[in-house]
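Letter by letter, the chains look like this.
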Amino acid sequence: QEPVGFWDPVGFTADGDLLAFKRRRCVELKHGRISMLATMGYITPEITGKFPGYLSPSADLKFQDIPNGLAAVSKIPALGWVQMVAYAGYCELSGPTTRAANTSDYSDITPGDYGFKVLTSDDPVELTKKLNAEIANGRLAMMAIM
């Protein structure tokens, strides 16, 4: 992938294990997608504003009252956290069934394929370009959200 080409400074792929590489690529794409969403969630309220109305009517807490970034952690009610954790759990459990660090589970999985296609093209060169852009943008987002 331009401009760096294949880059593995730590040597994770030195053993040539294809299934281990496939597992790492699946995890990289998943974390990249989550980081891209998180980065947009961090930036968007600053640009477009926040939702009108109440986040928690019983606590008299409006969306406008929630700051951006880590300051929001202490402002969100406990049941809000329960909802977010439940949704994250649903997302984890509804994806491909794989056991942690068990590379044999990845033998028939296409990295990044969760049952719906967003990046598609009939042209293989264009598709490769889009998929490489997703990897690069995901890597950037993983660094940005830290």
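See above for the structure.
Residues numbered from 1 in each chain as written. Predicted model: local features only at pLDDT ≥ 70, side-chain atom pairs only at ≥ 80, totals over all residues. Heavy atoms only, no water.

Participant: Residues and numbers for the overall build of the protein, please.
Facilitator: A count of helical and extended segments in the protein gives three helices and two strands. Reading the protein from its N terminus to its C terminus gives the helix and strand order α-β-β-α-α. When each of the 146 residues of the protein is scored for burial, the buried share is 14%. When contacts within the protein are restricted to residue pairs at least 6 apart in sequence, those whose partners lie at least 24 apart make up 51%. Surface summary for the protein: the accessible area is close to 10900 Å², and the carbon and sulfur share equals 64%. (Helix = DSSP H or I, 4+ residues; strand = E, 2+ residues; numbered from the N terminus. Buried < 20%, exposed > 50% of the residue type's maximum accessible area, 1.4 Å probe, protein only. Contact = heavy atoms within 4.5 Å. Areas by Shrake-Rupley, 256 points an atom, 1.4 Å probe, with all protein chains shown as cover.)

Participant: Tell me what's going on with the pattern of salt bridges, and back it up with residues and numbers.
Facilitator: In the structure shown here, the tally under the stated rule is three salt bridges. We note a salt bridge from Arg25 to Glu28, for which the minimum N-O separation is 3.1 Å. Of this pair, Arg25 and Glu28 both sit in helix H1 (residues 18-48), three residues apart, which is roughly one turn of that helix. For the salt bridge of Arg139 with Glu28, the shortest nitrogen-to-oxygen distance reads 2.4 Å. Pair noted here: Arg139 is in helix H3 (residues 124-144) and Glu28 is in helix H1, with a separation of 111 residues, a long-range link. One salt-bridge network, in which partners are shared between bridges, spans Arg25, Glu28 and Arg139. (Salt bridge = Lys/Arg side-chain N within 4 Å of Asp/Glu carboxyl O.)

Participant: I'd like to hear about empty space enclosed by the protein, residue by residue, with values.
Facilitator: The full count for this structure, using the stated rule, is one cavity of 30 Å³ or more. A volume near 30 Å³ is recorded for the largest cavity. Every residue along the wall of the largest cavity is listed here: Glu28, Leu29, Gly32, Arg33, Met36, Glu134, Ile135, Gly138, Arg139 and Met142. Secondary structure elements with two or more residues in the lining of the largest cavity: H1 and H3. (1 Å grid on protein atoms, 1.4 Å probe; cavity = no way out; pocket = protein on both sides within 12 Å on 5 of 7 lines; lining within 4 Å. Points joined across faces, edges and corners; volume = space filled by probe spheres on them.)

Participant: Any details on H3? Residues and values, ideally.
Facilitator: Every α-helix carries 3.6 residues per turn, so stepping three or four residues along brings you back to the same face. Spanning 21 residues, H3 covers 30 Å between terminal C-alpha atoms, matching the ideal 30 Å at 1.5 Å per step. Among all positions of H3, only Glu134, Ile135, Gly138 and Ala141 are buried. Along the long axis of H3, the arc covered by the buried residues comes to 130 degrees, so they all point the same way. H3 presents Val125, Lys129, Leu140, Met143 and Ala144 as exposed residues on the side facing more than 90 degrees away from its buried surface. Residues of H3 that are buried make contact with H1. (Expected span 1.5 Å × (residues − 1). Arc of directions from axis to C-beta.)

Participant: How would you explain a nonpolar patch on the surface if you had to name every residue and give the values?
Facilitator: Nonpolar side chains collect at one region of the surface, where Tyr42, Ile43, Ile47, Met143, Ile145 and Met146 lie side by side and expose about 690 Å² of accessible area between them. Broken down by element, the nonpolar patch gets its largest block of residues, three residues, from H1. Within the secondary structure, Ile47 sits in helix H1. (Patch = residues over 30% accessible without salt bridge, like charges linked within 9 Å, V, L, I, M, F, W, Y side chains within 5 Å.)

Participant: Just give me the short version of the side chain of Glu134, but keep the residues and values in it.
Facilitator: Tracing the backbone shows Glu134 in helix H3. Judged by its relative accessible area of 12%, Glu134 falls in the buried class. Not counting residues up to four positions away in its chain, the partners in contact with Glu134 are Leu29, Arg33, Met36 and Leu119.

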